[in-house]
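# Report on the structure
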Amino acid sequence: VNGGGFYHMHTDESYQVRKSIDRHYSTTPLLLNTRHRVHKLEKYTRTRTSEKIHDLKRKMKNLKEVQLVQPEQSRKSKRRGSVQLVQPRKPRKNKKSHYPKEERQPYKKPPIKPLQAPFSIFASCLPGLEPTLLEEVQYLQSQWHGVSTETKTKQNARSIPGGVKLTIPSLAHLHILHLYLGTASHIYLRLNDDKIDGCPPLFTARGFPELKRKLKDLIVSQRWDQLLDMRSLNAKDARYECDLPWELQVHVSTSKSKLMHTKAVEERVRETLGDVLGIMGLKKDDDDSDEGKYATVAKKDVLDRPVVRLLVRIERDIVQLSLDTSSSDGSAIPLHMRGYRLNPFKAPLREDLAFAQLMAGGLKPRWNLQPMRSMLRGDDHGDVSPAGASATTGYPQKLQLFDPFCGSGTLAIESASILAGLPPGRFRPPPMAGTRFCDPKLWDDIKSKALSVSLESGDETHGKDSKKHNKILVAANDVSKRAVDAAKSNAQRAEVEHLIDFTAVSFKVHPLLNPLGQGRNEFEISESDPLRVVTNPPYGVRLVSKSKDSVYKQLTKTLYLSPYKTYLTVIGSEPKELRKSTLPLKVAFSTKHGGLNVVVMTEEH
């Protein structure tokens, strides 16, 4: 008791207080008032306690019939002080449980069947170039399938993120892809695929023992001892990795899988392949072991061996193996490395990106596959479209393209090669080196027949004789003389220097863009077709322009003064800066180049 008030006490405590008050201070007026309050508290406490006990007993009897409290029932609707018995919530369902579960099929060992046609192919490219690569592949398929009602069904190529997937009927078609594809980076041969008859299916691996077991079954079923070049090894002697005529490289990529450690997966793949083929030293070299020391010493003497590059892709625990067919001596060289640009200048443009920019600018390649029709015997027609062959004979006789910022000359060389009918892969070695599928004779025959019609003119002169005409098809310019010298040397290695006119002046005074410029009469330009201006100007990231005005604005002002009708295709890092040129530009595609996000924009007609 404190100043006439009271504390909320338990029933027994209030009872003891009441008795003490009756015994000692029953006559005190202040305590008489307190006694009244204590009696009131005792009555209230007993009433509330009895109600709670009664409510609890009633609900305990009907516990099985108690339902969950509905979410729309508000707290105000509940009786104050009542005990709410709510059944525990059921565990939350996983989102995946809403989808029907696929029954896991039992694993079956693939039958022993060597790798043979038809082949499943995946052509990779830079992100954003998939539509351009698909256009190239569909054109080649229309050439070797012919023009018929069944062409659409045979053109099974489709673009997926990262490249184009297709099926080819023979190895000769694979050589055609290596020779003519300009925007592809790598061409992979699928070693297991669910959609190809006769090819081992994809398999699931959620652990390393399962991966090794199923990978061993795949190697045995496809007879990799016959697929890989093992002819130089003696079966009686011990086989070491350094004794092989090829070098193994394993590239692993995982996504949303239990096998996440790429290095551990690579070790298991090497270990399994070495155990099945009986090759020692395919594991990673160990400096403490004798085998590792022997392999390290021997590798110094065998640096020019072809590379067999194996790609292991694990996505959602599903494993797919592919063989990189673009391998050659020393390393797996990507397809965009043509072999002619040995003298690059500052910030050069990749060859495949330059090829895609030229296609976006309207320069479509038209190859003549008519001489190779006797080699393409994997399809039903066994022939090449005569219509496509007749459309690709000869090459233009007038100037078609101008590059005011040529740099290393990549755009000029690629455009001259397209106009002259020279395939992009004419300087590459035979594909699939280190395997039994490598056929240098077939590769040389296809290249020779492709080059026999590439420089064909109206009077049917081929090869070096056609250089007598010296028709200028491309004009290239750069303000730096060192850049022009580098471009000339690269064009000479590409054997197109007689088709390109190089100048080292400012683009503002070039005769093609300046109406008062001298030497304009040296070029033969079509009056009906527009002059394609395809260029890669310095956009201020790797190369900084010294002028205060934007390069695009200066180029636009010069194009307005040009005496010819022009059609601009330009590449840059920011679309906002490109649109400052006040030309009606639209985005053709965007991709990555040298770690930068770049966009190619073309002028609307």
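Quick summary incoming for the structure in this document. From a predicted model like this one, the values you see are computed outputs, not experimental measurements. (Residues numbered from 1 in each chain as written. Predicted model: local features only at pLDDT ≥ 70, side-chain atom pairs only at ≥ 80, totals over all residues. Heavy atoms only, no water.)

### Brief notes about helix α14 (residues 481-493)
As a reminder, the rule being used: We count a stretch as a helix when DSSP gives it H or I for four or more residues in a row; a strand needs E for two or more, and each element gets its number in order from the N terminus. The span expected for a helix works out to 1.5 Å for each residue beyond the first. In this scheme, a residue with accessible area under 20% of its type's maximum is buried, one over 50% is exposed, and one in between is partly exposed, where area comes from a 1.4 Å probe on protein chains only. Two residues form a contact once any of their heavy atoms are found within 4.5 Å. Counted as a polar contact is a pair of N or O atoms within 3.5 Å, where, for protein atoms, one must be capable of donating a hydrogen and the other of accepting one, and residues adjacent in sequence contribute only when both atoms are in side chains.
Look at α14: 19 Å from first C-alpha to last across 13 residues, which is about the 18 Å you get at 1.5 Å a residue. For α14, the full list of buried residues reads Ala483, Val484, Ala486, Ala487, Ser489, Asn490 and Ala491. Buried residues along α14 sit against α12 (410-420) and β11 (500-503). The residue sitting at the N-terminus of α14 and contributing the capping side-chain oxygen is Ser480; that oxygen lies 3.4 Å from the backbone nitrogen of Arg482.

### Side note on the sheet that holds strand β10 (residues 474-477)
Our working definition: Strand pairing is assigned whenever DSSP detects at least two bridges linking the two strands. Here an angle of 0 to 180 degrees is reported between the N-to-C directions of two axes, which are lines fitted to C-alpha atoms, with helices fitted over the stretch in contact.
Taken in spatial order, the seven strands line up as β11-β10-β9-β12-β13-β15-β14 in an open sheet, and their pairing is mixed. Each edge of the open sheet carries a strand with a single partner, namely β11 and β14 (585-593). Taking the axes of each pair of neighbouring strands and ignoring which way they run, one obtains an average angle of 15° across the sheet. Pairing analysis gives five bridges linking strand β12 (residues 531-535) to strand β13 (residues 566-572), with the strands arranged parallel. The residue bridging Val534 from the neighbouring strand is Thr569, located in β13. Lying on the sheet, helix α10 (residues 351-360) is in contact with β9 (401-403), β12, β13, β14 and β15 (596-603); it crosses β14 at an angle near 170°.

### A word on unusual backbone geometry
Cis geometry is found at the peptide bond from Ala117 to Pro118, where omega equals 0°. Along the chain, Pro118 falls in the loop between α2 (29-61) and β1 (119-124). The phi torsion at Ala347 lies on the positive side, around 50°, for a residue other than glycine. Inspection of the secondary structure assignment puts Ala347 in the loop between β8 (318-324) and α10. With a phi close to 60°, Met432 is a non-glycine residue in the positive phi region. Structurally, Met432 can be placed in the loop between α12 and α13 (440-452).

### A word on the packing of aromatic side chains
One pair of aromatic rings is described through two measures. These are the centre distance and the angle between the planes. Rules: Between rings of Phe, Tyr and Trp, where Trp is taken as its six-membered ring, a pair exists when centres lie within 6.5 Å; planes separated by under 30 degrees are stacked, by over 60 edge-to-face, and by other angles tilted. Only lysine NZ and arginine CZ atoms are considered, and such an atom sits over a ring when it is within 6 Å of the ring centre and within 35 degrees of the ring normal.
Counted according to the given criterion, the structure contains three aromatic pairs. Measuring from ring centre to ring centre gives 5.9 Å for Phe119 and Phe437, while their planes differ by 70°; the resulting arrangement is edge-to-face. Taken together, the positions of Phe119 in strand β1 and Phe437 in the loop between α12 and α13 put the pair 318 residues apart, joining distant regions of the chain. Each member of the pair, Phe119 as well as Phe437, carries the same accessibility label: buried. Summarising the aromatic geometry, the rings of Phe405 and Phe507 are spaced 5.0 Å apart at their centres and angled 55° between planes, so their arrangement reads as tilted. Note that Phe405 is positioned in the loop between β9 and α12 and Phe507 in the loop between β11 and β12, a separation of 102 residues in sequence. Per residue, the accessibility class of Phe405 equals that of Phe507, and both read buried. Positioned over the ring face of Phe208 is Arg268, at 4.2 Å from the centre of the ring.

### Some thoughts on the pattern of salt bridges
Rule in force here: Take a side-chain nitrogen of Lys or Arg and a carboxyl oxygen of Asp or Glu: if they are within 4 Å of each other, that pair is a salt bridge.
By the definition in use, this model includes 15 salt bridges. In this structure, the salt-bridge partner of Asp225 is Arg223, at a minimum N-O distance of 3.3 Å. Judged by its relative accessible area of 30%, Arg223 is partly exposed. A salt bridge links Asp445 to Lys441; its shortest N-O distance comes to 3.3 Å. Residue Asp445 and its partner Lys441 are both found in helix α13; the two are separated by four residues, about one turn of the helix. Here Asp445 falls in the partly exposed class, since its relative accessible area comes to 26%. In this structure Lys441 comes out as exposed when scored by relative accessible area, which is 59%.

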